[in-house]
Amino acid sequence: MTIEGIAGHRAGGKIRLGMVGGGRDAFIGAVHRIAARLDDRYEFVAGALSSTPERSRVSGRDLGLAAERIYDDFHAMAKCEARLESGIEAVAVVTPNNLHYPVAAEFLRRGIHVICDKPLTSSLADARELATQAMQSSALFILTHNYTGYPMVRQARDMVANGLLGSIRVVHAEYPQDWLSEPLETTGQKQAVWRTDPERSGSGGSVGDIGTHAYNLLRFVTGLELECLSAELTAFVDNRTLDDNAHVLLRFVGGARGMLWCSQVAPGNENALRLRVYGEHGGLEWGQESPNKLWYTKLGEPKRLITRMGPGTVDAANRVSRIPPGHPEGYLEGFANIYREAADAIEAARANQEKPKGVVYPCISDGLEGVAFVDACVRSSRRNGAWTELDF
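Quick caveat: nothing in here was measured; it's all calculated off a predicted structure. (Residues numbered from 1 in each chain as written. Predicted model: local features only at pLDDT ≥ 70, side-chain atom pairs only at ≥ 80, totals over all residues. Heavy atoms only, no water.)

Draft legend 1. Structural detail: the layout of surface pockets. Of the volumes computed, that of the largest pocket is approximately 970 Å³. Ile-28, Val-94, Gln-191, Trp-194 and Arg-195 are, among the 48 residues lining the largest pocket, the residues nearest its centre. For the lining of the largest pocket, the secondary structure elements donating two or more residues are strand 1 (15–21), helix 1 (27–38), helix 2 (53–62), helix 7 (190–195), helix 8 (198–201), helix 9 (206–222) and helix 11 (331–350). Sort the elements by how many residues they give to the lining of the largest pocket and helix 7 lands first, with 5 residues. Here the residues of the lining of the largest pocket sort into 20 nonpolar, 18 polar and 10 charged. (1 Å grid on protein atoms, 1.4 Å probe; cavity = no way out; pocket = protein on both sides within 12 Å on 5 of 7 lines; lining within 4 Å. Points joined across faces, edges and corners; volume = space filled by probe spheres on them. Helix = DSSP H or I, 4+ residues; strand = E, 2+ residues; numbered from the N terminus. Nonpolar A, V, L, I, M, F, W, Y, C, P; charged D, E, K, R; others polar.)

Right, here's the structure in full:
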């Protein structure tokens, strides 16, 4: 693949970061910027922050960007920044799903590292093509499945990998919310409008928006490889095109079985991502709304609470903890851990070195699998829950 221009992989200084999307009233864009600032490893210097030039300029001024580094569109941004001596080294892609592919591809082919929101793309065809381009590019690709950055998720992953649970038998992941229990998209609410639009979101609704998080989390912690799935996707709200609830049965290579439930029409649930893993010797339970606690039960013994930086935590968990035990760390810190891991990898790339040992972040292959998961769920549901394999 031809790389146009020269991306700024130069030694020293903070990583120069740009952003596509994430302008005024965009929740996830602000989260990315906070996460990037938390460890003081990045400098936010450029952006194409909205689909309209006027809104992009206003958003850029709000954020203190220099006028000449606020772009009308991502094509102009990629072209100009790649040619600047002090151009961006990495770009955060925080657009609706349908723009992930063209934006990420534009920067990858210029050797600019990409930090992309999930899901990877809105279609499996785009995901496959982007995966090919990412593997051919000299740039890194980081996918912000931010829940993998939580210390106690790293703790759970380490415990499973080291055999404390024995062979995994049963996995249950769930992610219920209630914010789309009514037709919020008809009010013009920005986040609801694009998430319920198949042209911008893709073929999956709740399964693409939050089901991909639940699936990625169970894969990250257990390492289990999916064999096939049976899915029922439902749109409960009248006139809604995409699903707002999904029930998925999972069969894994080696015999383990699982269930995944995601819903955006479950009153009483705000952001209740939860994972339970059961093996022949014990079980683990973790919930995103109490992220500093991991419950571990050894077969035949009382349930044991493991807390962030408490007794029994491992290096994999402690290295992504920032503050002493007892002080809560949560969503923003977990998100920032992905940016910190990305910074370690980008700085190593500056020096033509391998990614440091222990640095972990979701990458292009995780993103491709996530989109393939959504695609398989949609295909299975259309066939009345027929067992379906991932196609990627």
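Draft legend 2. Structural context of the pattern of salt bridges. Within the structure shown, the criterion is met by 26 salt bridges. Put simply, Arg-24 and Asp-62 hold a salt bridge, and the shortest N to O gap is 2.5 Å. With a gap of 38 residues between them, Arg-24 in the loop between strand 1 and helix 1 and Asp-62 in helix 2 connect regions that are remote in the sequence. For Glu-106, the salt bridge goes to Arg-109, with nearest N and O atoms at 3.5 Å. (Salt bridge = Lys/Arg side-chain N within 4 Å of Asp/Glu carboxyl O.)

Draft legend 3. How the structure looks around a nonpolar patch on the surface. Judged by side-chain polarity, Leu-249, Met-259 and Trp-387 come together as a nonpolar surface patch covering roughly 270 Å² of accessible area. If you trace the backbone, Trp-387 turns up in the segment after helix 12 (364–382). Taking the relative accessible area as the measure of exposure, Trp-387 reaches 34% and is therefore partly exposed. (Patch = residues over 30% accessible without salt bridge, like charges linked within 9 Å, V, L, I, M, F, W, Y side chains within 5 Å. Areas by Shrake-Rupley, 256 points an atom, 1.4 Å probe, with all protein chains shown as cover. Buried < 20%, exposed > 50% of the residue type's maximum accessible area, 1.4 Å probe, protein only.)

Draft legend 4. Structural view of unusual backbone geometry. Cis rather than trans, the peptide bond between Lys-118 and Pro-119 has omega equal to -10 degrees. Relative to the helices and strands, Pro-119 resides in the loop between strand 4 (113–116) and helix 5 (124–136). Residues other than glycine seldom take positive phi values, yet Asp-40 does so here, at roughly 60 degrees. Inspection of the secondary structure assignment puts Asp-40 in the loop between helix 1 and strand 2 (42–48). In this structure, Asn-239 is a non-glycine residue whose phi angle is positive, near 65 degrees.

Draft legend 5. Looking closely at the sheet that holds strand 12 (residues 293–298). Taken together, the 8 strands give an open sheet; going across it, the order is 7-8-9-6-10-11-12-13, and neighbouring strands pair in mixed fashion. Of all the strands in the sheet, just strand 7 (226–234) and strand 13 (304–307) have a single pairing partner and so form its edges. Across the sheet, the axes of successive neighbouring strands diverge by a mean angle of 15 degrees, strand direction being ignored. Judged from the 7 bridges that link them, strand 8 (residues 245–252) and strand 9 (residues 257–263) form a sheet pairing that is antiparallel. (Pairing = 2+ DSSP bridges. Axes fitted to C-alpha atoms, helices over the stretch in contact; angles between N-to-C directions.)

Draft legend 6. Structural view of the packing of helix 4 (residues 100–108) against helix 5. Remark: helix 4 packs on helix 5, axes separated minimally by 10 Å, with the N-to-C direction vectors making an angle of 10 degrees. On the basis of the axis angle, helix 4 is roughly parallel to helix 5. Helix-helix and strand crossings are classified by hand; for helix 4 and helix 5 the assignment is left-handed. Taking contact as the criterion, the partners of His-100, Tyr-101, Ala-104, Ala-105 and Leu-108 in helix 4 are, on helix 5, Asp-126, Glu-129, Leu-130, Gln-133 and Ala-134. Looking at side-chain class alone, the contact of helix 4 with helix 5 contains 6 nonpolar, 2 polar and 2 charged residues. (Parallel < 35°, antiparallel > 145°, perpendicular 65-115°, else oblique. Left-handed = near helix turned anticlockwise from the far one by under 90°. Contact = heavy atoms within 4.5 Å.)

Draft legend 7. Representation of the pairing of strand 6 (residues 168–176) within the structure. Extensive coverage of strand 6 is indicated by the burial of 7 of its 9 residues. Direction of pairing for strand 6 relative to strand 10 (residues 274–279): antiparallel, over a ladder of 6 bridges. Across the sheet, residue Val-171 finds its bridge partner in strand 10, namely Val-277. One ladder, built from 7 bridges, connects strand 6 with strand 9; its direction is parallel. Note that in strand 9 the partner of Val-170 across the bridge is Arg-257.

Draft legend 8. The arrangement of helix 6 (residues 151–161) in detail. When you tally the buried positions in helix 6, you get 8 out of 11 residues, the bulk of the element. Among all positions in helix 6, only Pro-151, Met-152, Val-153, Arg-154, Gln-155, Ala-156, Met-159 and Val-160 are buried. Taken from the residues just after helix 6, Gly-163 is the one with a positive phi, measuring 80 degrees.

Draft legend 9. Inspection of the packing of aromatic side chains at higher detail. All told, the structure shown has 8 aromatic pairs when counted by the stated rule. For the pair Tyr-147 and Tyr-331, a centre-to-centre distance of 6.3 Å together with 55 degrees between the ring planes defines the contact as tilted. Taken together, the residues span a long stretch of sequence, with Tyr-147 in the loop between strand 5 (141–143) and helix 6 and Tyr-331 in helix 11 at a distance of 184 residues. Judged by its relative accessible area of 4%, Tyr-147 falls in the buried class. On the basis of relative accessibility, which here comes to 24%, the residue Tyr-331 falls in the partly exposed class. With 4.3 Å between their ring centres and 5 degrees between their planes, Tyr-215 and Phe-373 make a pair best called stacked. Linking Tyr-215 in helix 9 with Phe-373 in helix 12, this pair joins segments that are 158 residues apart in sequence. Feature note: the residues Phe-27, Tyr-147, Tyr-150, Tyr-175, Trp-286, Tyr-331 and Phe-335 constitute an aromatic cluster, connected by ring pairs. Sitting over the face of the ring of Trp-387, Arg-251 holds its NZ or CZ atom 3.7 Å from the ring centroid. Residue placement shows Lys-355 over the ring face of Tyr-361; its charged tip is 4.9 Å from the ring centre. (Phe/Tyr/Trp six-rings, centres within 6.5 Å; stacked < 30°, edge-to-face > 60°. Lys NZ or Arg CZ within 6 Å of the ring centre and 35° of its normal.)

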